[in-house]
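Now for the letters of each chain:
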Amino acid sequence: MSKTSLDRRVVTIMNHIHAGVLYCKNDRYSTILYANDYFYQMIGYEKDEFAILFSNRFADLVVDDVAPILISVKEHIALGKDLDFEYRMHNKKGEIFWIHDTAKYDPENDSWYVTIMDITEMKSLKYERERLEFYLNNMPNKIVICNLDTTIIYKNRQAAQCSYFNSEATSLYQLERGHVLVKSLDEILCRASDGETQEYETRYRKNGVFIGHDKNRLIPIRNSEGKIMNYMQVSEDLLAKSDGLTRFPTRSMFEYYFYCFTGSRPDTPVHLMIIDVDEFKGINDTYGHRTGDEIIRMTARNSLPCLDRKITSAALAEMNF
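Residues numbered from 1 in each chain as written. Predicted model: local features only at pLDDT ≥ 70, side-chain atom pairs only at ≥ 80, totals over all residues. Heavy atoms only, no water.

Student: Which residues make up the overall build of the protein, and what are the values?
Tutor: What the protein contains, in helices and strands, is 11 helices and 10 strands. Looking at the protein as a whole, 35% of its 321 residues are labelled buried. By sequence separation, contacts in the protein at least 24 residues apart represent 44% of the contacts at least 6 residues apart. A total of about 19900 Å² of accessible surface is found on the protein, and carbon and sulfur atoms cover 53% of it. (Helix = DSSP H or I, 4+ residues; strand = E, 2+ residues; numbered from the N terminus. Buried < 20%, exposed > 50% of the residue type's maximum accessible area, 1.4 Å probe, protein only. Contact = heavy atoms within 4.5 Å. Areas by Shrake-Rupley, 256 points an atom, 1.4 Å probe, with all protein chains shown as cover.)

In structure tokens, the structure reads:
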């Protein structure tokens, strides 16, 4: 095969690559010695038109400041490293687009073998994701997104930094199982798989003290075709709304639980037990409110080991539970 036919074949191959392929001088303009057809499609100019208007100066298409790029080019040559840049260019219509530029230096001819790809869509997606994460990380609620098998794929900052969430949990099961009140996590996931947004509460305790209490919504996330792809758990902190001394739910919260439970299970018997601190007024009058407060805390702590997740506890008044 002759050199001429080989060159023609190489040019044919280059023109069928869906990326800009260039051979440029190592000067301040990156003057083009060769460019494939796809490059001219990217910039919207004909080959002769670009040569006349820009004298084949590639740098004239670059929107960003080329000065730091040229400094970096010299540093890469000195270190014997290939180039890898992202910057913006404009086309004939004046539209700005992002490109990813990789180049290898040819020291013999003081030139560069360059490949550029249009990454505008990728940069747009990255920007949108960063903007979405900014919004999610500035929400007061904890957000956890998982696959249908409950494997966790995302936590916003509030969830990642939550002191009572298991930081080693890799699934929603590991994160929430054993903490869900009244309902079972299996029941919640089953209904969510049918497309129903589920509401439930979780409570966490350590050393006989409530350290977390959340109201959660498990929301099925669908794709454009309506198929459920993920679940998103949005958690609102209820501990701040709980009784200040015991961290138990308040009376109004208890009434909400009661009506929700009896409304969804009208045929299920409900058992109500009230714990009363005897002679509490006398304790307050004799030893002071600080001691009375500690008695309330101790009563709450001592009752916790008797409770499981199916039992709802609340502070109904300052001496009743």
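Having seen it, we continue.
Student: Before we move on, can you summarise the nonpolar core with the specific residues and values?
Tutor: Within the largest apolar cluster, 26 residues are counted, with the highest numbers of intra-cluster contacts made by Leu-22, Phe-39, Phe-58, Met-89 and Ile-116. The set of elements that each furnish at least two residues to this core consists of strand S1 (20-25), strand S2 (32-35), helix H2 (37-43), helix H3 (47-54), helix H4 (67-79), strand S3 (83-90), strand S4 (96-106) and strand S5 (111-118). Residues contacting Phe-58, with those up to four places away along its chain left out, are Leu-22, Tyr-29, Ser-30, Ile-32, Phe-39, Phe-50, Tyr-87, Met-89, Ile-99, Asp-101 and Ile-116. Listed in part, the 20 residues of the second largest apolar core include Ala-159, Val-180, Tyr-200 and Leu-218. (Core = buried A, V, L, I, M, F, W, Y, C linked by side-chain atoms within 4.5 Å.)

Student: Could you give an account of the pairing of S2, with specific residues and numbers?
Tutor: Note that S1 and S2 share three bridges and pair antiparallel. Opposite Leu-22, over in S2, you have Ala-35 as the bridge partner. Counting the residues between successive antiparallel strands, the hairpin from S1 to S2 contains six residues, one of them, Ser-30, with a positive phi of roughly 50°. (Pairing = 2+ DSSP bridges.)

Student: I'd love a proper account of the pattern of salt bridges, names of residues and values included.
Tutor: It is possible for side chains of opposite charge to pair when their charged atoms get near one another. Counted by the stated rule, this structure contains 11 salt bridges. One salt bridge connects Asp-82 with Lys-104, and the closest N-O pair in it is separated by 3.6 Å. Linking Asp-82 in the loop between H4 and S3 with Lys-104 in strand S4, this pair joins segments that are 22 residues apart in sequence. (Salt bridge = Lys/Arg side-chain N within 4 Å of Asp/Glu carboxyl O.)

Student: So, the pairing of strand S6 (residues 142-147): which residues are in play, and what are the values?
Tutor: The element S6 is extensively covered by neighbouring structure, given that five of its six residues are classed as buried. Pairing of S6 with strand S10 (residues 228-237) involves six bridges; the strand directions are antiparallel. Considered in S10, the bridge of Ile-145 is made with Met-232. If you look at the hairpin formed by S6 and strand S7 (residues 152-155), you'll find four residues sitting between the two strands, and Thr-150 has a positive phi there, around 75°.

Student: If you had to explain the confidence of the model for the protein to someone new, which residues and values would you point to?
Tutor: Looking at the protein, pLDDT values average 82 and 74% of them are 70 or higher. Averaged pLDDT values for the elements of the protein fall to 62 in helix H9 (residues 251-264) and rise to 96 in H3. Across residues 1-6, where pLDDT falls below 50, the model places two contacts with residues more than four positions away in sequence or in other chains. Long-range and interchain partners of residues 316-321, a stretch whose pLDDT sits below 50, account for 24 contacts in this model, where long-range means more than four residues apart. (pLDDT = per-residue confidence, 0-100.)

Student: Lay out the environment of Arg-177 in plain terms, naming residues and giving numbers.
Tutor: Note on placement: Arg-177 falls in the loop between helix H7 (172-176) and helix H8 (185-193). Counting along the chain gives 25 residues from Arg-177 to Thr-202, while the straight-line C-alpha distance between them is 9.1 Å. The contacts of Arg-177, once residues within four sequence positions are left out, are Leu-172, Leu-185 and Asp-186.

Student: Can you lay out unusual backbone geometry for me, pointing to particular residues and giving the numbers?
Tutor: Positive phi, normally seen in glycine, also occurs at Ser-30, with a value near 50°. Examined against the element boundaries, Ser-30 turns out to sit in the loop between S1 and S2. One non-glycine residue, Thr-150, lies in the positive phi region at around 75°. Structurally, Thr-150 can be placed in the loop between S6 and S7.

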